[in-house]
Amino acid sequence: MKPVLLRGGRVIDPASGRDEVADVLLAAGKVEAVGQALGTPDDADIIDATGRVVAPGFIDLHTHLREPGQEDLETIATGAASAVAGGFTAICAMPNTDPVCDNQGVVGFVVSQAEHAGMARVYPIGAVSLGQKGQQMAEFGELVGAGAVAVSDDGHPVMSSHLMRTALEYARVFGIPVADHCEEKSLAEGGAMHEGIVSTRLGLKGIPSAAEEIMVARDIILAELTGGHVHLCHMSTRGSVELIRRAKDKGLRVTAEACPHHFTLTHEACEGYNTNAKMNPPLREEADREAICQALRDGTIDAIATDHAPHHYDAKEREFDQAPNGIIGLETAFPLANAELVARGILTLPQLVDRMSTVPARIFGLPGGSLGKGAPADVVILDPDVAWTVEPSAFRSKSRNTPFGGRSVRGRAVATIVRGQVVFRLS
Ligand SMILES: [Zn+2]
């Protein structure tokens, strides 16, 4: 494998605090050196990064690939290709596939399909419970042994507090977090969007913020009881932010993520029964959106994750209350976050790289998120200033379900390098 020299970019490395124009030399799949006017090895490929940002590749803690089971929506290969087109060098695959990723066979399958694809790294997340049925706990040791980096029943909450307690205790033994989809089902039942003025106007049953917050509170209490690490998925309400803030003040092992749609859109996006604005948790109110932005700024919410959830065009064409939840997000995450958070002065660009790369690596204990010597050669080159319009037909993902088609955004990945190999270049 040839060395690669990235010359003259603005190198942002939150792990070391570096933010300066420098060269980055990658060799043998690792970061070899970062510095001024590095010499060029004879056989190196040289990429001119002048005017661009060079940063550790983004890491997504929350991706739904549909393989095994629904390969017409997304495969591990197309999801991994979509990832690198969005600047992600690693993604964590949620286990709600068919069959569910609740045993070493499926974990091993995900790992080997990802190796074949050779694009982004794909880390499997194992299920908390067998079949994600919320009853019998999966064998965490087996899952971790095969390559799982966390456990989650995402798509579903872990409703049983006893199961959640036991899962936190076992996960702690294996040094992994339990990532929870926080939803109190009896409150959320039958709801199609956020419960508020828009749901009333549209005549749709709503999901109150309390459905999320009750489970956030429970998970925090159980994290305190067990000493386990709970990771709270896709936080959407101002009440959740308050609960997490208090938990962190107490020093509990609680981490949290937020998705671009929750800091970009509100329930107003559901007007006109727009099924591409239907997600779970639902888009909330402006005060919630603002609280999520503030929480990303002050670190109450640690990381940005996509909740990339491919669906078929036909499925989203159904009536609002019948349509499936979720949107794809790998190719829009950085441009949305850059436009909504950096251009508006909520985060600096180094802080955004931190929330999308360095912090996610730390939360799940993954390689990457750093440009230190010896770190994996997983790098993104960004043009942070280019203005462009989201065009879903150009996505590498197999699916097109997004409410952001036609939206003006700012910044994008122009090249993505994984294991020292250029796996994406914007043409
Ligand atoms: Zn979820």
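All of these numbers come straight from a predicted model, not from anything done at the bench. (Residues numbered from 1 in each chain as written. Predicted model: local features only at pLDDT ≥ 70, side-chain atom pairs only at ≥ 80, totals over all residues. Heavy atoms only, no water.)

Peer 1: It is not clear to me how the pairing of strand β1 (residues 4–13) should be interpreted in this structure. Could you clarify?
Peer 2: The two faces of the sheet receive side chains in turn, since in a regular strand these alternate between them. In terms of residue burial, β1 counts as a mostly covered element, since 7 of its 10 residues are buried. Note: β1 against strand β2 (residues 18–27), 8 bridges, orientation antiparallel. Note on β2: the bridge partner recorded for D13 is R18. In textbook terms, the turn of a hairpin is the stretch between consecutive antiparallel strands, and for β1 and β2 this stretch comprises 4 residues, one of which, G17, has a positive phi near 80°. Pairing of β1 with strand β5 (residues 53–56), which is carried by 2 bridges, proceeds in the parallel orientation. Directly across from R10, in β5, lies its bridge partner V53. (Buried < 20%, exposed > 50% of the residue type's maximum accessible area, 1.4 Å probe, protein only. Helix = DSSP H or I, 4+ residues; strand = E, 2+ residues; numbered from the N terminus. Pairing = 2+ DSSP bridges.)

Peer 1: What is the right way to read the sheet that holds strand β14 (residues 254–258) from this model?
Peer 2: Sheet strands associate in pairs through backbone hydrogen bonding, adopting either a parallel or an antiparallel arrangement. Taking strand neighbours across the sheet as the criterion, the 5 strands line up as β9-β10-β13-β14-β15 in an open arrangement whose pairing is parallel. In this open sheet, the two edge strands, each paired with only one partner strand, are β9 (151–152) and β15 (303–304). Two strands pair when backbone bridges link them, and strand β13 (residues 230–232) and β14 are joined in this way by 3 bridges, in the parallel orientation. Looking at the pairing, V230 lines up with V254 of β14. Those strands touched by helix α4 (residues 161–174) are β10 (178–180) and β13, and its axis lies near 145° from that of β10. (Contact = heavy atoms within 4.5 Å. Axes fitted to C-alpha atoms, helices over the stretch in contact; angles between N-to-C directions.)

Peer 1: Honestly, the side chain of S370 in this entry has me stumped. Any pointers?
Peer 2: Within the secondary structure, S370 is located in the loop between α13 (349–364) and β16 (379–389). Relative accessible area serves as the criterion here: at 18%, S370 is assigned to the buried category. From its side chain, S370 meets the backbone nitrogen of G372 in a polar contact 2.9 Å long. What S370 contacts, discounting residues up to four positions off in sequence, is D13, A15, P56, A375 and P376. (Polar contact = N/O pair within 3.5 Å; in protein donor to acceptor, adjacent residues only side chain to side chain.)

Peer 1: Looking at this structure, I do not really get the coordination of the zinc ion. What am I missing?
Peer 2: Around a metal, the perfect tetrahedron of four donors has angles of 109.5 degrees, and the perfect octahedron of six donors has angles of 90 or 180 degrees. Protein coordination at the zinc ion comes from D154 (OD), H181 (ND1) and H234 (NE2), with a distance range of 2.1 to 2.3 Å. The motif formed by the donor residues of the zinc ion, counted along the single chain, is D-x26-H-x52-H. One end of the pair, H181, is in the loop between β10 and α5 (185–188); the other, H234, is in the loop between β13 and α8 (238–249), with 53 residues separating them in the sequence. H181 gets classed as buried once you look at its relative accessible area, which sits at 3%. Overall, H234 belongs to the buried group, its relative accessible area being 2%. (Donors = N, O, S within 2.8 Å, 3.2 Å for Na, K, Ca; no water.)

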